[in-house]
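A closer look at the structure
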Amino acid sequence: MPQSRPTEDRQPYRDPALPVEERVADLVSRMTLEEKLNQLVGMWIYVSGAEERVAPHQEDFADDTPPWDEMIKNGLGQLTRVFGSAPIEPAQGAAALTRLQREITASSRFGIPAVAHEECLAGFTAWGATAYPVPLSWGASFDPDLVGEMAASIGADMRSVGVHQGLAPVLDVVRDLRWGRVEETIGEDPHLIGAVGSAYVAGLESSGIVATLKHFAGYSASRAGRNLAPVSMGPREFADVVLPPFEMALRLGGARSVMHSYTDVDGMPSAADEALLTELLRDELGFTGTVVADYFGVSFLHKLHGVADGPGTAGAAALRAGVDVELPNARCFVEPLAILVRSGEVDEALVDRALTRVLNQKVQLGLLDPDWSPEVAQPREFDSARNRDLSRRLAEESVVLVANDGTLPVRDPGRVALVGPLADDPFALLGCYSFPAHIGVSYPDWPHGIDLPTFRDEIARIATQVDHVKGCDLPEGGADFDTARAAAAEADLCVAVVGDRAGLFGRGTSGEGCDAADLRLPGDQEALVEQLLETGTPVVLVVSSGRPYALGRFADRVAAVVQVFFPGEAGAAALADVLTGEVNPSGRLPVSIPATPGGNPGTYLTAPLGAASEVSSLDPTALFPFGHGLSYTTFAYSDLTISAAEIATDGSVDISCSVTNTGDRDGDEVVQLYLRDPVAQVTRPVRQLTGFKRVSVPAGESRTVSFRLHADRTAYTGARGERIVDPGLIEVHVGGDSARARLSGEFRLVGEVREVGADRVLDTPVTVTP
């Protein structure tokens, strides 16, 4: 340890009694340019020699980082994925992180620890950690409270081993279902994403983990659903569809970090967009945390976007725009940027601006306190009984019963033909950011680290006899339709499990870089289902996937359709219990299921001319709409009450109804509130979700569900580009999905057009009473 350390420990920046700003300003004033720049970068020490990519163009930049010993002499901003880059036991990972932090603090003049970040999109991406359902399943649950509880547990696991920051949640709004990363999103509606995403952020932050919102912004609207492709989007769609989930997660969730998007919007790459990362994010939305680069995103300004002629100018463009930390490695923000600062081409004040934000966060995390220690207590059990229970509950709530002719539930399935390439594949349960699928595939000799019972395992638990036949391979390869057909013909019930196997950059049918040309079931799966249907045996079609697929070809011929979105380690058990009725299904579609494979792009959130009409021969109507889902009981809606016929453009109205369970078993209904502005300055959606509530209703009983709606919730970007509340009629639709209103009414906004800003009301509180 340097001899100066005792003196440094008595300096103002080490004094917890002083204000954060004063401590940071003192430290900034003492640092050299090289020390400053090293605080603005991460280091990924496990990336070199990796057999499989887990980040785009990873192999191009793997060896560009200075050697470890040389790098840490001037300190280090972040440590990249100590746990999430290779299989490592929790205790060994904690020990490795402790050792790295000791080396960082001992080698640099100020002894500032690094922020350790990890992925946590479907649970802590670490070996042996619980594999939770993916975010699309969070959306299907329509249960922000349970998602927040899960996030708090994920955060506690990460915090117990010395991790500080989590790279989640993804708040991109699905605009094209062909995009490979649909599985990472929460759905196709901004309010659903904002409500569920904010709950995840609040849960993660409650455990002391810095939540990182991604990808800011527009990433999911890339042309043709191709990863990193350009985005063609107007400012109104950007403001009214793309931004609201981020606004909600910042204001309601308390997120302390934002990650920029890879893509360009109308030709401007997000990493170089000062209007986006500074003027909008900070000046308008009031964000004060850190903006981190998506992996190699700064280098992409040079390598992919062509708006910089080298690493230095790429770093300068990103820094000027408002990127504070280059991840995962130091390539553009160290020596190349230092040369430009020394020459006067880049103002050092920009370095100090980013440095101040980074150090503010380190002070808030306690990393500059004199009693900070790299030692961690005993790591929590990464796949504890509590975690498994949370995963099971979320998986159960996210199973969507899409269609049912009465075949389900089956208390005694008898002889079951279990057919499909995913029926006995544990990876049918996992998204591409679950550790076994993300990293474990590169280490085939390592065990998964968690129990991953397959659909076959769990169906065997509930059936008298199970005859399993793959029928075909995925994504393509050998097909054995004859054997599958024979098994189905001899069975009492056929369960066909089809869908996706997640992977990265073409190694799967869903996941980052695994985009789809259309929405046909991948490979030979459609042909397989056709063969099964011809037997006459009732077929329950189970789709386990990362995106919805067009099912119009089968919908009126199968006995039932059940949709799960990579439901995690407990997903197979949850499905089996839904099939038998042990669990009453209550999931709802967070994305529409299309009728035809080419009816895309398109989501329910469309203006009138985006829907079916006589002016086009193509009908884009979804086969099953956003918000749809069946139950083994029935619900009736009645007594719609709107508290006022007119309210001011800055007022509020109460909207309530009664929901009655008219069946013979308890169940959960997801009550959904949609609004429509039929006459506005610009075209508006036919219907738009404005509030929702999962409500448990015992058989034969009723609940009153009341929404408190502020006029701000009707705001949109008007003809002149300002967000306004516009006087006029507002239609109210309440029901169980976006296509069919159980109850309808209206109220009128009166007064002057009112402009609203970033402080507008973003949520719709809901109360439930007997």
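The shown structure was predicted, so the numbers you read here are calculated from the model rather than taken from an experiment.

Before going further, it helps to examine the overall build of the protein chain. On a plain count of helices and strands, the protein chain comes out with 22 helices and 27 strands. Rg of the C-alpha trace for the protein chain: 26 Å, near the compact-globule value of 27 Å for 770 residues, within the 12% margin. Considered along the principal axes of its C-alpha atoms, the protein chain spans approximately 80 × 70 × 50 Å. The burial tally for the protein chain puts 64% of its 770 residues in the buried class. Look at the contacts in the protein chain between residues 6 or more apart in sequence, and 80% of them connect residues 24 or more apart.

Its location among the elements puts Asp 324 in the loop between helix H14 (311-321) and helix H15 (335-343). Given the relative accessible area of 1%, Asp 324 is considered buried. In terms of polar contacts, Asp 324 uses its side chain to reach the side chain of Arg 282, at 2.8 Å. Residues in contact with Asp 324, not counting those within four places in the same chain, are Leu 40, Arg 282, Gly 289, Thr 290, Val 291, Phe 333, Ala 354, Arg 357 and Val 358.

Moving on, we come to the sheet that holds strand E16 (residues 635-642). Strand order in the open sheet formed by 4 strands is E16-E18-E21-E27, with antiparallel pairing between adjacent strands. Two strands bound the open sheet, and with one partner strand each, they are E16 and strand E27 (766-769). Pairs of neighbouring strands in the sheet enclose a mean axial angle of 20 degrees, with direction left out of account. Sheet analysis places E16 next to strand E18 (residues 652-661), joined by 6 bridges and oriented antiparallel.

To continue, consider the side chain of Thr 509. Its location among the elements puts Thr 509 in the loop between strand E13 (493-499) and helix H21 (525-533). With relative accessibility at 12%, the residue Thr 509 sits in the buried group. Not counting the four nearest positions on each side in its chain, Thr 509 is found in contact with Leu 474, Pro 475, Gly 499, Asp 500, Arg 501, Cys 514, Pro 522, Arg 547 and Tyr 549.

The next subject is a negative patch on the surface. On the surface, a cluster of negative charge is contributed by Glu 274, Glu 279, Asp 283 and Glu 284. Inspection of the secondary structure assignment puts Asp 283 in helix H12 (residues 274-284).

Counted by the stated rule, this structure contains 15 aromatic pairs. Their ring planes at 80 degrees and their centres at 5.9 Å tell us that Tyr 13 and Phe 110 sit as a pair that is edge-to-face. Placement of Tyr 13 in the loop between helix H1 (5-8) and helix H2 (20-30) and of Phe 110 in the loop between helix H6 (90-107) and strand E3 (115-119) is noted, with a sequence separation of 97 residues between them. Exposure class is identical for Tyr 13 and Phe 110. Each is buried. Geometrically, the ring pair formed by Tyr 262 and Phe 300 is tilted, given 5.4 Å between the ring centres and 40 degrees between the ring planes. Within this pair, whereas Tyr 262 is found in the loop between strand E6 (257-260) and strand E7 (264-265), its partner Phe 300 is found in helix H13 (residues 297-303), the two being separated by 38 residues in sequence. Note on Tyr 262: relative accessible area 4%, which makes it buried. Clustering of aromatic rings is evident, with ring pairs tying together Phe 142, Tyr 604, Phe 626, Tyr 674 and Phe 692.

Let's shift gears to helix H17 (residues 385-398). For the α-helix, the turn length of 3.6 residues means that residues three or four positions removed from each other point alike. With 14 residues, H17 extends 20 Å from end C-alpha to end C-alpha; this agrees with the ideal 20 Å at 1.5 Å per step. Along H17, the positions that sit buried rather than exposed are Asn 387, Leu 390, Ser 391, Leu 394, Ala 395, Glu 396, Glu 397 and Ser 398.

Right, let's get into the pattern of salt bridges. The tally for this structure, following the rule as stated, stands at 45 salt bridges. The shortest N-O distance in the salt bridge between Asp 424 and Arg 456 comes to 3.3 Å. In this pair, Asp 424 sits in the loop between strand E11 (415-419) and helix H18 (435-438) while Arg 456 sits in helix H19 (residues 455-462), placing the two residues 32 residues apart along the sequence. A residue is classified by how much of its surface remains accessible, and Asp 424, at 32% relative accessible area, is partly exposed. The partner of Arg 694 in a salt bridge is Asp 668, with the nearest N and O atoms 3.0 Å apart. Taken together, the residues span a long stretch of sequence, with Arg 694 in strand E20 (residues 688-697) and Asp 668 in strand E19 (residues 667-676) at a distance of 26 residues. Asp 668 carries the same exposure label as Arg 694, and that label is buried.

A few words now on H12. Within the span of H12, buried status applies to Leu 276, Leu 277, Thr 278, Leu 280, Leu 281 and Arg 282. Of the residues that open H12, the one with a side-chain oxygen 3.2 Å from the backbone nitrogen of Ala 275 is Asp 273. Two residues or fewer after H12 comes Gly 286, characterised by a positive phi angle close to 80 degrees.

Taking burial as the measure, the 7 residues of strand E5 (residues 210-216) include 7 buried ones, the bulk of the element. Across 2 bridges, the pairing between strand E4 (residues 165-167) and E5 is parallel. Bridge assignment links Gln 165 to a residue of E5, and that residue is Val 210. For the handedness criterion, the β-α-β arrangement of E4, helix H9 (residues 190-206) and E5 is classed as right-handed. The pairing of E5 with E6 spans 3 bridges and is classified as parallel. By the bridge assignment, Leu 213 is partnered in E6 with Val 258.

All right, on to the packing of H2 against helix H16 (residues 348-364) then. In the contact formed by H2 and H16, the axes pass within 9 Å of each other and the chain directions differ by 130 degrees. Here H2 is positioned oblique relative to H16, judged by the angle of their axes. By crossing handedness, the relation of H2 to H16 is classed as right-handed. Taken together, the residues of H16 that come into contact with H2 (itself represented by Val 20, Arg 23, Val 24, Leu 27 and Val 28) are Asp 352, Leu 355, Thr 356, Leu 359, Asn 360 and Val 363. For the contact of H2 with H16, the per-class residue count stands at 7 nonpolar, 2 polar and 2 charged.

Attention now goes to the sheet that holds strand E26 (residues 754-755). Across the sheet, 3 strands lie side by side as E22-E23-E26; this open sheet has antiparallel pairing. Edge positions in the sheet fall to strand E22 (716-717) and E26, since each of these pairs with one other strand and no more.

This next bit is on the packing of helix H8 (residues 144-159) against H9. Look at H8 against H9: their axes get within 7 Å of each other, and the N-to-C directions meet at 30 degrees. Between H8 and H9, the angle falls in the class roughly parallel. Helix-helix and strand crossings are classified by hand; for H8 and H9 the assignment is right-handed. Here Pro 144, Val 147, Gly 148, Met 150, Ala 151, Ala 152, Ile 154 and Gly 155 of H8 come into contact with H9, specifically with Ala 195, Val 196, Ala 199, Tyr 200, Gly 203, Leu 204 and Ser 206. In the contact of H8 with H9, the residues fall into 11 nonpolar, 4 polar and no charged.

What counts and how
- Residues numbered from 1 in each chain as written.
- Predicted model: local features only at pLDDT ≥ 70, side-chain atom pairs only at ≥ 80, totals over all residues.
- Heavy atoms only, no water.
- Helix = DSSP H or I, 4+ residues; strand = E, 2+ residues; numbered from the N terminus.
- Rg over C-alpha atoms; globule rule 2.2 N^0.38 Å.
- Buried < 20%, exposed > 50% of the residue type's maximum accessible area, 1.4 Å probe, protein only.
- Contact = heavy atoms within 4.5 Å.
- Polar contact = N/O pair within 3.5 Å; in protein donor to acceptor, adjacent residues only side chain to side chain.
- Pairing = 2+ DSSP bridges.
- Axes fitted to C-alpha atoms, helices over the stretch in contact; angles between N-to-C directions.
- Patch = residues over 30% accessible without salt bridge, like charges linked within 9 Å, V, L, I, M, F, W, Y side chains within 5 Å.
- Areas by Shrake-Rupley, 256 points an atom, 1.4 Å probe, with all protein chains shown as cover.
- Salt bridge = Lys/Arg side-chain N within 4 Å of Asp/Glu carboxyl O.
- Lys, Arg positive; Asp, Glu negative; His and termini not counted.
- Charge placed at Lys NZ, Arg CZ, Asp CG, Glu CD.
- Phe/Tyr/Trp six-rings, centres within 6.5 Å; stacked < 30°, edge-to-face > 60°.
- Expected span 1.5 Å × (residues − 1).
- Right-handed = clockwise from strand over helix to strand, strands pointing away.
- Parallel < 35°, antiparallel > 145°, perpendicular 65-115°, else oblique.
- Left-handed = near helix turned anticlockwise from the far one by under 90°.
- Nonpolar A, V, L, I, M, F, W, Y, C, P; charged D, E, K, R; others polar.

Geometry only, nothing functional implied.
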